[in-house]
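A structural walkthrough
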Amino acid sequence: MVAINLDKLELLYEGKAKEVYKTGSSAAYIVHYKDDATAFNGEKHDIIFGKGVLNNKISSFFFELLKNEGVPTHFIRREDDRNQLVLTLDILPLEVIVRNIAAGSMAKRFGIEEGTSLKHPILEFCYKNDALGDPFANESQITAFGWATQEQLDGIKAIAMKVNSILTTFLATKNITLVDFKLEFGLHDGALLLGDEISPDTCRFWDSKTGEKLDKDRFRRDLGNIEDAYKEMLFRLTGEKA
Ligand code: UDP
């Protein structure tokens, strides 16, 4: 594997945990995973050495799994420790959250004890806008504001539920409970594709036996051993010891 030389590429976008670069092809971008960790809409920030490598490997693993199960995604291949080659996307300004167990902001908002199982998965949409703190948006608002069409929303809902079912089933075999996660979608040549990342930064993973948190809540809640938790996730998924 030859490492990508980012100096030769044009930076298109810099996010909190990733950078996106243009490539020689108008159809593909390089996504570069950084070590930055942020929470609470950027108020809390730290560098977790090696996190970018772990998330790149974990996210690549999940996207390969989903691709093999027929989920349409932007993922082409992992290039090296920190970089992925992906199809270009016009990202829809939505955060799509799927929940199997009450946790985090939802548990708090409704006064439901964290860890309560749900009778069926919950799907939530937020408008992706840091300045506004990613507010909730319902389907009527999303179509009325023009952030997505009803057809796109129907596609998003079907894909999100399929991703939930594939990941929940797979993770159960690794003794991991998939509590909740966030997805983002975009359009490539008009086709709706799953984009962004799937990693401990964007999912809640709990050890099925002990309930130990193996995700970004270790950072958000100052639980310590963040890197070890991400390493444990990579190990359970791939057998690789980081
Ligand atoms: N999430 C995310 N990015 C966000 C907000 C949420 O990746 O900007 C993920 C988060 O890691 C969790 C799920 O979406 O797996 C639900 O998060 P929640 O709404 O409970 O928000 P939080 O408690 O993190 O504020």
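The structure contained in this document is the topic of the report that follows. Fair warning: this is a prediction, and the values are worked out from it, not measured in the lab. (Residues numbered from 1 in each chain as written. Predicted model: local features only at pLDDT ≥ 70, side-chain atom pairs only at ≥ 80, totals over all residues. Heavy atoms only, no water.)

**Details of the pattern of salt bridges**
To keep it simple, the criterion reads: The term salt bridge refers to a pairing of a side-chain nitrogen on Lys or Arg with a carboxyl oxygen on Asp or Glu at a separation within 4 Å. Labels follow the DSSP assignment, with helices taken as runs of H or I lasting at least four residues and strands as runs of E lasting at least two, numbered in each case from the N terminus. Only protein chains enter the calculation, and the probe is 1.4 Å; a residue is then buried if its accessible area is under 20% of its type maximum, exposed if over 50%, and partly exposed in between.
Tallying each qualifying case throughout the model produces 27 salt bridges. In this structure, the salt-bridge partner of glutamate 10 is lysine 22, at a minimum N-O distance of 3.8 Å. Linking glutamate 10 in the segment before β1 (11–14) with lysine 22 in strand β2 (residues 18–22), this pair joins segments that are 12 residues apart in sequence. For glutamate 184, the salt bridge is made with lysine 182, and the minimal N-O distance between the two is 2.7 Å. For the pair glutamate 184 and lysine 182, one class covers both residues: buried. In this structure, a network of salt bridges that share partners links the residues Arg99, Glu114, Glu124, Asp180, Arg204, Lys213, Asp217, Arg220 and Arg221.

**Quick word on the packing of helix α1 (residues 51–68) against helix α6 (residues 226–238)**
Convention followed: In this analysis, axes come from line fits to C-alpha atoms, helices being fitted only over the stretch in contact, and the angle between any two N-to-C directions falls in the range 0 to 180 degrees. For this classification, under 35 degrees means roughly parallel, over 145 means roughly antiparallel, 65 to 115 means roughly perpendicular, and everything else is oblique. Note on convention: near helix rotated counterclockwise from far helix by under a right angle means a left-handed crossing. Clockwise means right-handed. Working rule for contacts: check all heavy atoms of both residues, and any pair within 4.5 Å makes them a contact. Only Asp, Glu, Lys and Arg are considered charged in this grouping, and only Ala, Val, Leu, Ile, Met, Phe, Trp, Tyr, Cys and Pro are considered nonpolar; every other residue, Gly among them, is considered polar.
One can describe the packing of α1 onto α6 by two numbers: an axis separation of 10 Å at closest approach and a directional angle of 30°. When the interaxial angle is binned, α1 and α6 end up roughly parallel. Seen from above, α1 lies across α6 with left-handed handedness. In this structure, α1 uses Lys51, Leu54, Asn55, Lys57, Ile58, Phe61 and Phe62 to contact α6, whose residues at the interface are Glu227, Tyr230, Lys231, Met233, Leu234, Leu237 and Thr238. Among the residues making up the contact of α1 with α6, the classes are represented as eight nonpolar, two polar and four charged.

**Considerations on the environment of phenylalanine 185**
You can see phenylalanine 185 is positioned in strand β12 (residues 185–188). Counting along the chain gives 95 residues from phenylalanine 185 to aspartate 90, while the straight-line C-alpha distance between them is 8.5 Å. Discounting chain neighbours no more than four positions away, the residues touching phenylalanine 185 are Ile91, Leu92, Val96, Ile156, Ile159, Ala160, Leu192, Leu193, Leu194 and Gly195.

**Here's the deal with the sheet that holds strand β10 (residues 117–127)**
Put simply, the rule is: Two strands make a pair as long as DSSP finds a minimum of two bridges between them.
As summarised here, the arrangement of the four strands in space is β10-β9-β11-β14, forming an open sheet in which the pairing is antiparallel. Because the sheet does not close on itself, it has two edges, and the strands there are β10 and β14 (203–207). Pairs of neighbouring strands in the sheet enclose a mean axial angle of 10°, with direction left out of account. Two strands pair when backbone bridges link them, and strand β11 (residues 176–183) and β14 are joined in this way by five bridges, in the antiparallel orientation. Residue pairing across strands places phenylalanine 181 opposite cysteine 203, the latter belonging to β14. Contacts from helix α4 (residues 150–172) reach β9 (94–101), β10, β11 and β14, with the element oriented near 155° to β11.

**What about the pairing of β9?**
Counted residue by residue, β9 has eight buried out of eight residues, so it is predominantly covered. As defined by bridge partners, β9 adjoins β11 across four bridges and the pair is classed as antiparallel. Note on β11: the bridge partner recorded for valine 96 is leucine 183.

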